[in-house]
Amino acid sequence: MKQQNFYIIDFDSTFTQVEALDELARISLAKHPDREAIYQKIEDYTNLAMEGKLSFSESLAQRVKLLEATEEHLQKLIKHLKKKVSKSFSRNAEFFKKHADEVLIVSGGFKEFITPVVSQYHIKKENIYANTFVTTGDGKIIDYDHANPLSEEGGKVKLMHQLQLQGNLYGIGDGYSDYQLRESGLIKKFYAFTENIARESIVTKADHVTPSFDEFLYVNNLPRAISYPKNRILCLVIGDVNADSIAFLKKDGFSIRHKTEFEEKYVGDVGMLLLANGEKIDDEKLKRAVKLKTIGYLGSAKNKFSLQICSEMGIVVFDDPKGNPRNSLFIPKRVADFMNKGTTYLSSNFPNLQLPAIDKSHRLIHIHKNVPGIMAQINNIFAKHNINIVGQFLMTKGDIGYAITDINAEYDKQLFKSLKKIEHTIKFRVLY
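Residues numbered from 1 in each chain as written. Predicted model: local features only at pLDDT ≥ 70, side-chain atom pairs only at ≥ 80, totals over all residues. Heavy atoms only, no water.

A. Expanded view of the packing of aromatic side chains. Overall, the coordinates contain 28 aromatic pairs when judged by the stated rule. The interplanar angle of 40° and the centroid separation of 6.2 Å between the aromatic rings of Phe11 and Phe113 together place this pair among those described as tilted. You can see Phe11 sitting in helix α1 (residues 11-15) and its partner Phe113 sitting in helix α8 (residues 111-118), a full 102 residues away along the chain. In this structure Phe11 comes out as buried when scored by relative accessible area, which is 0%. (Phe/Tyr/Trp six-rings, centres within 6.5 Å; stacked < 30°, edge-to-face > 60°. Helix = DSSP H or I, 4+ residues; strand = E, 2+ residues; numbered from the N terminus. Buried < 20%, exposed > 50% of the residue type's maximum accessible area, 1.4 Å probe, protein only.)

B. Spatial organisation of the layout of surface pockets. Size it by volume and the second largest pocket reaches roughly 220 Å³. Taken together, Gln308, Ser311, Glu312, Ser348, Asn349, Lys369, Lys397, Gly398, Asp399, Ile400 and Ile426 make up the full set of residues lining the second largest pocket. For the lining of the second largest pocket, the element with the most residues is helix α15 (residues 307-313), which contributes three residues. Its residues assigned to classes, the lining of the second largest pocket shows two nonpolar, five polar and four charged. (1 Å grid on protein atoms, 1.4 Å probe; cavity = no way out; pocket = protein on both sides within 12 Å on 5 of 7 lines; lining within 4 Å. Points joined across faces, edges and corners; volume = space filled by probe spheres on them. Nonpolar A, V, L, I, M, F, W, Y, C, P; charged D, E, K, R; others polar.)

C. Structural detail: the sheet that holds strand β13 (residues 316-319). The strand order β10-β9-β11-β12-β13 describes an open sheet built from five strands, whose pairing is parallel. Sheet topology places β10 (255-259) and β13 at the edges, where each strand pairs with a single neighbour. For this sheet, the mean inter-axis angle between neighbouring strands, taken without regard to orientation, is 15°. Both strand β9 (residues 234-238) and strand β11 (residues 272-275) contribute to a ladder of four bridges, which runs parallel. Its bridge partner lying in β11, Cys235 is registered against Met272. (Pairing = 2+ DSSP bridges. Axes fitted to C-alpha atoms, helices over the stretch in contact; angles between N-to-C directions.)

Geometry only, nothing functional implied.
Put into structure tokens, the structure is as follows:
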């Protein structure tokens, strides 16, 4: 009999982008004359505990003491935290709905602000384990429940011993208390979540580093909002490219390597290229970049590499012949838009197609030679697999045909194999 899986997820800097107590301090102490010094003390106590350099109980006690918070401040914090849910958790809301019985939030934070935030994602209240505040009659927070195991050093380990869950347990978090679950042997694997912060002392101890929740779902073959985690797509930046462009693509989740030249070791694996003005690619190297999906060129790409080879290989090119001094992110945004939504608007070599992302659907991209009958073959395959088409778009430019199909059905991998086998197919991929 197959064992049930349980997913033990941290809250601060994991489910949300921030440390909630730090944010609460910024709300409750906004008018305090020494607020900056107190903010720093609270942040220091947080980091010392997360890195395992101070006991969690001591860190918690010191932080709560410094807060000077009320229930009114908590309501402001909740409103703020709802906007700070980590992007990869937010886009995978459907996963939490389908796996509500298997997801547990286990945190050293407080139920008063955690429950309203995670409940939006169909996480059951009985599966939320956290500390609770002690307040006075007029709503001032003065302490916390010291009897709660999560208020103690090693609290997550103590709690999980009490719960005695039977099955495969996987832990996802950014701090030392999350790693302790793995160290204790209570969970099968510990995934260091680094979308918001990467603590080197924790990353080195993890079974797997997951830069996003998409990565966790991907390696465990679980349903997810995007087909392939962006952190697995190698984006190679070549030459003198401004820092803003690199930061933009890095923030979007792509795996960035910044080099002075197109090194041989990257040719077979690169998925995206961002080239500084003046950089060139020889034909032989371009032909071997079989995973390359798009090139962004910060200037005119004319005579810098072969647009014909790019078109034949299904590589979408964006360049900027006139220059865009007012918008340094013009090309990075075009490249990211193509990778995220399939948008080819203002491409140098592909049909111009601009589409919004559609919720609760899957987007399939089919690049092919512009010959008669391709769309009929594509749609025959969809009909054979009983696929319901939400939207479909086809544009051609010269020898290239570019088709995007949005479907709302669950699919099997045989569908993809059939689409790839269509004669004259150049590239096929599932976008999300």
